[in-house]
2 protein chains.
Amino acid sequence: MTVTSPRGFRASGVAAGLKSTGAKDVALVVNDGPLDVAAAVFTSNRVFAAPVAWSRQAVSDGRASAVVLNSGGANACTGTEGFADTHRTAEHVADTLSTSAGDVLVCSTGLIGLRLPMTELLAGVDAAASALDDPSSATRGGEDAALAIMTTDTVAKTVHVEREASDPASPDGATTWSVGGMAKGAGMLAPGLATMLCVLTTDAVVDATAAGAALRAATRTTLDRVDSDGCMSTNDTVILLASGASGVAVGTEELTGVLTEACGSLARQLVADAEGASHDVAVTVVGASSEDAAVAVARAVTRSNLFKAAIFGNDPNWGRIVSAVGTVPEDVAPYDALALDVTVNGVQVCRAGGVGEPRELVDLAAAREVLVEIDLHAGSATATVWTNDLTHDYVHENSAYSS
Amino acid sequence: MTVTSPRGFRASGVAAGLKSTGAKDVALVVNDGPLDVAAAVFTSNRVFAAPVAWSRQAVSDGRASAVVLNSGGANACTGTEGFADTHRTAEHVADTLSTSAGDVLVCSTGLIGLRLPMTELLAGVDAAASALDDPSSATRGGEDAALAIMTTDTVAKTVHVEREASDPASPDGATTWSVGGMAKGAGMLAPGLATMLCVLTTDAVVDATAAGAALRAATRTTLDRVDSDGCMSTNDTVILLASGASGVAVGTEELTGVLTEACGSLARQLVADAEGASHDVAVTVVGASSEDAAVAVARAVTRSNLFKAAIFGNDPNWGRIVSAVGTVPEDVAPYDALALDVTVNGVQVCRAGGVGEPRELVDLAAAREVLVEIDLHAGSATATVWTNDLTHDYVHENSAYSS
């Protein structure tokens, strides 16, 4: 159920002292091949961290043999010194694993604007590299890595999706292939990749072009549609490593399907663990003129603090939904305001832009999950964006502590 | 200090039973002339309330003799019945004041998606009309009107700005002219006019073209730059009535200046009374390539929940500022991320996109007002957007009660 579930990968996670709590904070994921195919997508934030600058360049040749990740510091807004720290980390990993620095991707997460403690970090890399070959960590390495990337997350997020080989005549006789993954992210969740770190692994035989296309397609409809608090990170990174160790050749479409399932699971896990949230809210827009229009309307609703606070209060305040819908420009999402229908947990509280069923019929207290459906009656496209409610605990977590 | 401070206006505010608290909830502002010039700006929300639809049409001829306003219900998303209610209210005011319905503007504020109780409202109009001529209300009418439009506001917002006549030879010998005003709005504060109701009055002699141009120019840099919670209302309306009763002819530029001062005061009052806020935050962007670029960057910061929660915690978390700046597309606001400076309450915590002065030097606890300055080093344009912090009380007010 982790990044080591597919064949051809090792991983580890250790405590290097970057987190004041003494929890695990440095992780390694190593691709033992035979392939070293890699693809990645990054934050679209123009203010991006040093590890993003490094990894974007390093993965541009479609190859990587390892990923080193740390929590306890984002290494963002740290200038040329911060970039040198990332470079040095990659060099150190490369020396340790006998690969080249250009094949080592780096991810960091934590507070912006602080240099990383390099002595502790590099010692952590050594410890993580040793742990890779510790027999006792063979099964636990993936779990340890998932723990080591957590910040305000309360649980580790991992996934494993397995498929029968569609071509049973694979060279080494394997009849299955799979995708494994881990992710972290509990605040600053918004597009530009749902503001998190995510490493996916697969033992499928794919080339870099297919891996890149499949990864972009899968994240577009999953991780990119988590909008917990509308805040975009400087460090978002999603990496896919392909070892080819199953010997099973997989087409782009098939890979996209499995990656979408894996990313969808991780995205849902991120929403379920969002900072301080008491509700997970799916905002589904139907009847849109295009998928982009549906996404734009859904995002406008998921970013309304008034809507999100109402959900916290178990109040199906549909006026706050339609007033958010009304902020989307007509050229982005054509619709007639007098045709809007809004359904909350199955009750159509707004019909044709006006009053529908009594809001008292809506039960929001019964379950953590809330389903909002908005019908624009302007076409046949649809999209869902996930968010959370706005709670006292969110305010507390994000005001009482720097993160 | 109210809408009745300029010559030629009467006003009143009464309790009609629309608010469950028994507080005042119906207001009238009447222009006794000699001029009946009017201009207005409205929410840009595509989902707009019945009174917005009515008033937009009624003011299109540049004339109005009265404004009727109610709290206790927004009359938004109420269909054709809701529009008929607004029409009927305007007719009733017109009959009472012996004018025509087309010269009566209507404003409503309160919960979306509920019909107004018309029996109570029309009785309230009668009471408000009677109160106009009550000698004891001659001085208090403007104050009563400002009280009657409050929703979650804790204090009434009023203003009066007086000027010497630049042309002392005015026909009736008046040597001054002035602008008075009132506004309400404590939540759902965002552009599309800072989500509030506002009535401005002036005894200057102006025509409708000048009044409209001056009003748009004044609101653009004041009320439209209050972004308390990023949520745009369905009912935003700003109305200017000109009586000409001072006999002083005023040019568009001079009128714009005084209206800007009046609207600026009202905008600042709205921020100071925003729901649950403990800090008023001015985000000023300097060194921008254009005013639009400066506004876009400032808005991105004022809409970051993480930034707003940090301010509540008195944490000068500049990483959350620059990460919000980074979300603005390059074609909207060109800048180099490695050139950004950020100053919080006078301390330059971020310099050239990296670490500046120690954040410990920033004192946020000492005052309610917080000043954030972001230098893009990309030009000479500047703009300020006001917002508030994200607090437990904001969440409480907007989750525990429908509004």
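Just so it is clear, the model here is predicted, and its values are computed rather than measured.

**A look at the relation of the copies chain B and chain A**
Under the fitted operation, chain B is carried onto chain A by 0.0 Å of movement along the axis and a turn of 180°, and the coordinates agree to an RMSD of 0.0 Å. Both copies are brought into coincidence by an operation consistent with a two-fold rotation axis. Scanning chain B for the C-alpha nearest the rotation axis identifies His 392 of chain B, at a separation of 2.7 Å. Interface residue correspondence from chain B to chain A reaches 100%, placing this contact among same-surface, isologous pairings.

**Some words on the packing of helix α10 (residues 392-400) of chain A against helix α10 (residues 392-400) of chain B**
At a minimum axis separation of 9 Å, α10 of chain A and α10 of chain B run at an interaxial angle of 170°. Compared by their axis directions, α10 of chain A and α10 of chain B come out roughly antiparallel. Touching His 392, Val 395 and His 396 of chain A of α10 of chain A are His 392, Val 395 and His 396 of chain B, all from α10 of chain B. Each residue belonging to the contact of α10 of chain A with α10 of chain B can be placed in one class, and the counts come to 2 nonpolar, 4 polar and no charged.

**Quick look at the environment of Val 52 of chain A**
Residue and element names in this part refer to chain A. Checked against the element boundaries, Val 52 lands in helix α1 (residues 50-58). Separated by 53 residues in sequence, Val 52 and Leu 105 place their C-alpha atoms 8.9 Å apart. If sequence neighbours within four positions are ignored, Val 52 has contacts with Phe 42, Thr 43, Thr 234, Asn 235, Asp 236 and Thr 237.

**Let's talk about the domain arrangement of chain A**
Residues and elements named next belong to chain A. According to the domain assignment, chain A consists of domain 1 (9-272) and domain 2 (280-400). Taking only C-alpha atoms, the centre of domain 1 and the centre of domain 2 are 33 Å apart. Counting from both sides, the interface comprises 15 residues of domain 1 and, opposite them, 17 residues of domain 2. Roughly 1,300 Å² of surface becomes buried between domain 1 and domain 2 when both sides are summed, with 36% attributable to carbon and sulfur atoms. Seen at the junction of domain 1 and domain 2, the total is 4 salt bridges. With a shortest N-O distance of 2.5 Å, Glu 291 and Arg 225 are connected by a salt bridge. Taken together, domain 1 and domain 2 are joined by 8 residue pairs in polar contact (both at pLDDT 80 or more). The element best represented in the side of domain 1 that touches domain 2 is helix α6 (residues 252-272), accounting for 3 residues. Residue composition of the side of domain 1 that touches domain 2, grouped by class: 5 nonpolar, 4 polar and 6 charged.

**Some words on the sheet that holds strand β5 (residues 104-108) of chain B**
Residues and elements named next belong to chain B. On the basis of which strands lie adjacent, the open sheet formed by 4 strands has the order β1-β2-β4-β5 and mixed pairing. Looking at which strands have only one partner, the edges of the open sheet turn out to be β1 (9-14) and β5. For this sheet the average axis-to-axis angle between neighbouring strands, irrespective of direction, equals 10°. By the bridge criterion, 5 bridges tie strand β2 (residues 26-31) to strand β4 (residues 66-70) in an arrangement that is antiparallel. If you follow Val 26 over to β4, its bridge partner there is Asn 70.

**A word on the sheet that holds strand β15 (residues 381-388) of chain B**
All names here are of chain B. An order of β13-β12-β11-β14-β10-β15 is seen for the 6 strands of this open sheet, with the pairing classed as mixed. Strands at the two margins of the open sheet, each flanked by one partner only, are β13 (354-355) and β15. Taken together, the 2 bridges between strand β12 (residues 347-351) and β13 define a ladder with antiparallel strand orientation. Paired with Cys 350 across the strands is Val 355, a residue of β13.

**Quick word on the interface of chain B and chain A**
Contacts between the two partners involve 52 residues from chain B, matched on the other side by 52 residues from chain A. For the pair chain B and chain A, the two sides together bury roughly 4,100 Å², of which 57% comes from carbon and sulfur. When the area that chain B buries against chain A is broken down by residue, the three leading residues are Arg 46, Asn 305 and Leu 306 of chain B, summing to 18%. Linking chain B with chain A are 0 salt bridges. Broken down by secondary-structure element, the contributors of at least two residues to the side of chain B that touches chain A are α8 (305-312), α9 (318-325), β13 and α10 of chain B. Per element, the largest residue contribution to the side of chain B that touches chain A is 6 residues, and it comes from α10 of chain B. Here the residues of the side of chain B that touches chain A sort into 25 nonpolar, 21 polar and 6 charged.

**Points about the pairing of strand β1 (residues 9-14) of chain A**
Residue and element names in this part refer to chain A. Burial runs high along β1: 5 of the 6 residues are buried. With 6 bridges connecting them, β1 and strand β2 (residues 26-31) associate as antiparallel partners. Among the inter-strand pairings, Val 14 is bridged to a residue of β2, identified as Val 26.

**Remarks on helix α3 (residues 118-132) of chain A**
All names here are of chain A. In this model α3 runs 21 Å from its N-terminal to its C-terminal C-alpha over 15 residues, within 8% of the 21 Å that 1.5 Å per residue would give. All of the buried residues in α3 are Met 118, Leu 121, Leu 122, Gly 124, Val 125, Ala 128, Ala 129, Ala 131 and Leu 132. Buried-residue contacts for α3 involve β1, β2, β4 (66-70) and α2 (79-97).

**Focus: the packing of aromatic side chains**
If you walk through the whole model with that rule in mind, you get 2 aromatic pairs over all chains. With centroids separated by 6.2 Å and ring planes inclined at 55°, the aromatic side chains of Trp 54 of chain A and Phe 83 of chain A adopt a geometry described as tilted. Of the two residues, Trp 54 of chain A sits in helix α1 while Phe 83 of chain A sits in helix α2, which places them 29 residues apart along the sequence. On the basis of relative accessibility, which here comes to 34%, the residue Phe 83 of chain A falls in the partly exposed class. Looking at Arg 56 of chain A, its charged tip hangs above the ring of Phe 48 of chain A, at a distance of 4.8 Å from the centre. Geometry around Tyr 335 of chain A places Arg 46 of chain B over its ring, the cationic atom sitting 3.8 Å from the centre.

**Details of the state of the cysteines**
A disulfide bridge is the covalent bond that connects two cysteines by way of their sulfur atoms. Residue and element names in this part refer to chain B. Applying the stated criterion across every chain, the model contains 0 disulfides over all chains. Looking at Cys 107, it has no disulfide partner, and the nearest cysteine sulfur is the one in Cys 198, 9.5 Å off. Assessed through its relative accessible area of 1%, Cys 107 is described here as buried. For the unlinked cysteine Cys 263, the closest cysteine sulfur is that of Cys 198, found at 5.4 Å. The exposure class assigned to Cys 263 is buried, which follows from its relative accessible area of 0%.

**A word on the pattern of salt bridges**
All names here are of chain B. This model, assessed by the stated rule, comprises 32 salt bridges over all chains. One salt bridge connects Asp 273 with Lys 157, and the closest N-O pair in it is separated by 2.6 Å. Highlighted residues: Asp 273 in the loop between α6 (252-272) and β10 (280-288) and Lys 157 in strand β6 (residues 157-164), separated in sequence by 116 residues. Taken individually, Asp 273 and Lys 157 each receive the classification buried, so the pair is uniform in this respect. Of the charged contacts in the structure, one is a salt bridge between Glu 291 and Arg 220, with a shortest N-O distance of 3.2 Å.

Analysis parameters
Residues numbered from 1 in each chain as written. Chains lettered and ligands numbered in written order. Predicted model: local features only at pLDDT ≥ 70, side-chain atom pairs only at ≥ 80, totals over all residues. Heavy atoms only, no water. Least-squares fit on C-alpha atoms with pLDDT ≥ 70 in both. Contact = heavy atoms within 4.5 Å. Axes fitted to C-alpha atoms, helices over the stretch in contact; angles between N-to-C directions. Helix = DSSP H or I, 4+ residues; strand = E, 2+ residues; numbered from the N terminus. Parallel < 35°, antiparallel > 145°, perpendicular 65-115°, else oblique. Nonpolar A, V, L, I, M, F, W, Y, C, P; charged D, E, K, R; others polar. Domains from an automatic or database assignment. Buried area = accessible area lost by both parts, 1.4 Å probe. Salt bridge = Lys/Arg side-chain N within 4 Å of Asp/Glu carboxyl O. Polar contact = N/O pair within 3.5 Å; in protein donor to acceptor, adjacent residues only side chain to side chain. Pairing = 2+ DSSP bridges. Buried < 20%, exposed > 50% of the residue type's maximum accessible area, 1.4 Å probe, protein only. Expected span 1.5 Å × (residues − 1). Phe/Tyr/Trp six-rings, centres within 6.5 Å; stacked < 30°, edge-to-face > 60°. Lys NZ or Arg CZ within 6 Å of the ring centre and 35° of its normal. Disulfide = S-S within 2.5 Å.

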